[in-house]
Amino acid sequence: MKTLKLINKIALFTTLVLFLTVYLGMLAQIPLGIIQVVSAIILTVKTYQNSDYAKRNLSIYWIAAISELTLFHIQHYYFPTSNDAVEWSLMVIFPMSIAIYFYIIMRKIVNEYEYNHEINIQNNKSYEP
């Protein structure tokens, strides 16, 4: 799990730095999105049932991510427009906001998971004869 957190940290901060050149930042969002969706799947499978914090915040993340993709699809196919505010919102602002939100909740979920995992290991050692 610590590796997962490190990979997400590197991907997020690399993307943010690449936004100094807008084009490279937008391209970096693609691998960042893939990394974060895979990470969210892993976190959902491993921690969803064991943590109320994970359950609440991962649900919010999934709703936000799926809503963003749905809005992007609807806007692109049903309402093609040249409105720059809508385009920038759907291509940069919303996805990066969701990415930053995921990074924040992932840090807490991973820390909670690691802490609980260490306690379980210590409890199992104390029960051994």
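See the structure shown above.
Because the structure is predicted, anything quoted here is derived from the model rather than measured.

*Asks:* Please clarify how the overall build of the protein chain should be interpreted in this entry.
*Replies:* Of regular secondary structure, the protein chain possesses four helices and zero strands. Its C-alpha atoms give the protein chain a radius of gyration of 18 Å, clearly above 14 Å, the size a compact globule of 129 residues would have. Here the C-alpha coordinates of the protein chain stretch approximately 70 × 30 × 15 Å along the principal axes. A sequence separation of at least 24 residues applies to 70% of the contacts in the protein chain between residues at least 6 apart. When the accessible surface of the protein chain is summed, it comes to about 8600 Å², and 67% of that surface belongs to carbon and sulfur atoms. Here the protein chain holds 9 positive side-chain charges and 8 negative ones, and the gap between their average locations is 9 Å.

*Asks:* Teacher, can you tell me more about helix H2 (residues 22-47) here?
*Replies:* One full turn of an α-helix is made of 3.6 residues, so residues set three or four places apart face in the same direction. The terminal C-alpha atoms of H2, which comprises 26 residues, lie 35 Å apart, in line with the 38 Å expected from a rise of 1.5 Å per residue. The sharpest bend along H2 reaches about 25 degrees and sits at Ile30, with the proline Pro31 one to four residues further on. Those residues of H2 lying buried are Gly25, Ala28, Gln29, Leu32, Gln36, Ser39, Ala40, Leu43 and Thr47.

*Asks:* In this structure, what is going on with helix H3 (residues 52-78)? I would like to understand it.
*Replies:* Across its 27 residues, H3 extends 38 Å between first and last C-alpha, which sits within 8% of the 39 Å expected from 1.5 Å per residue. Residues Tyr53, Ala54, Asn57, Leu58, Tyr61, Ala65, Glu68 and Gln75 constitute the buried set of H3. Between a side-chain oxygen at the N-terminus of H3 and the backbone nitrogen of Tyr53 the separation is 3.3 Å; the capping residue is Ser51.

*Asks:* Would you mind going over the nonpolar core with me for this structure?
*Replies:* In a soluble, globular protein the nonpolar side chains are often hidden away together inside. Ranked by internal contacts, the top residues of the largest apolar core, which has 23 residues, are Leu43, Leu58, Tyr61 and Phe102. Elements that contribute at least two residues to this core include exactly helix H1 (2-18), H2, H3 and helix H4 (84-126). Here this core takes ten residues from H4, the largest share from any one element. Setting aside its immediate chain neighbours within four residues, Tyr61 contacts Gln36, Val37, Ala40, Ile98, Tyr101, Phe102 and Ile105.

*Asks:* Can you help me understand the packing of H1 against H2 in this one?
*Replies:* Helix-helix packing is described using two parameters, namely the angle between the two axes and the distance between the axes. It is at 8 Å that the axes of H1 and H2 come closest, and there the two elements cross at 160 degrees. The orientation of H1 with respect to H2, classified from their angle, is roughly antiparallel. Where H1 crosses over H2, the handedness of that crossing is left-handed. Taking contact as the criterion, the partners of Leu4, Ile7, Asn8, Ala11, Leu12, Thr15 and Leu18 in H1 are, on H2, Val22, Leu24, Gly25, Ala28, Gln29, Leu32, Ile35, Gln36, Ser39, Ile42 and Leu43.

*Asks:* It is not clear to me how the packing of aromatic side chains should be interpreted in this structure. Could you clarify?
*Replies:* Two aromatic rings, taken as a pair, are described by how far apart their centres are and by the angle between their planes. Considering all chains together, one arrives at three aromatic pairs under this definition. Taking 5.9 Å as the distance between ring centres and 80 degrees as the angle between the ring planes, the aromatic pair formed by Phe13 and Tyr103 counts as edge-to-face. Note that Phe13 is positioned in helix H1 and Tyr103 in helix H4, a separation of 90 residues in sequence. On the numbers, 4.8 Å between centres and 45 degrees between planes, the contact of Tyr61 with Phe102 is tilted. On the criterion of sequence distance, the pair formed by Tyr61 in helix H3 and Phe102 in helix H4 is long-range, its members being 41 residues apart. Per residue, the accessibility class of Tyr61 equals that of Phe102, and both read buried. Taken together, the ring pairs in this structure connect Tyr61, Trp62 and Phe102 into an aromatic cluster. Between Lys108 and the ring centre of Tyr53, over which it is positioned, the NZ or CZ distance is 5.0 Å.

Each value, and the rule that gives it
Residues numbered from 1 in each chain as written. Predicted model: local features only at pLDDT ≥ 70, side-chain atom pairs only at ≥ 80, totals over all residues. Heavy atoms only, no water. Helix = DSSP H or I, 4+ residues; strand = E, 2+ residues; numbered from the N terminus. Rg over C-alpha atoms; globule rule 2.2 N^0.38 Å. Contact = heavy atoms within 4.5 Å. Areas by Shrake-Rupley, 256 points an atom, 1.4 Å probe, with all protein chains shown as cover. Lys, Arg positive; Asp, Glu negative; His and termini not counted. Charge placed at Lys NZ, Arg CZ, Asp CG, Glu CD. Expected span 1.5 Å × (residues − 1). Bend = angle between axes of the 7 residues up to and from the residue. Buried < 20%, exposed > 50% of the residue type's maximum accessible area, 1.4 Å probe, protein only. Polar contact = N/O pair within 3.5 Å; in protein donor to acceptor, adjacent residues only side chain to side chain. Core = buried A, V, L, I, M, F, W, Y, C linked by side-chain atoms within 4.5 Å. Axes fitted to C-alpha atoms, helices over the stretch in contact; angles between N-to-C directions. Parallel < 35°, antiparallel > 145°, perpendicular 65-115°, else oblique. Left-handed = near helix turned anticlockwise from the far one by under 90°. Phe/Tyr/Trp six-rings, centres within 6.5 Å; stacked < 30°, edge-to-face > 60°. Lys NZ or Arg CZ within 6 Å of the ring centre and 35° of its normal.

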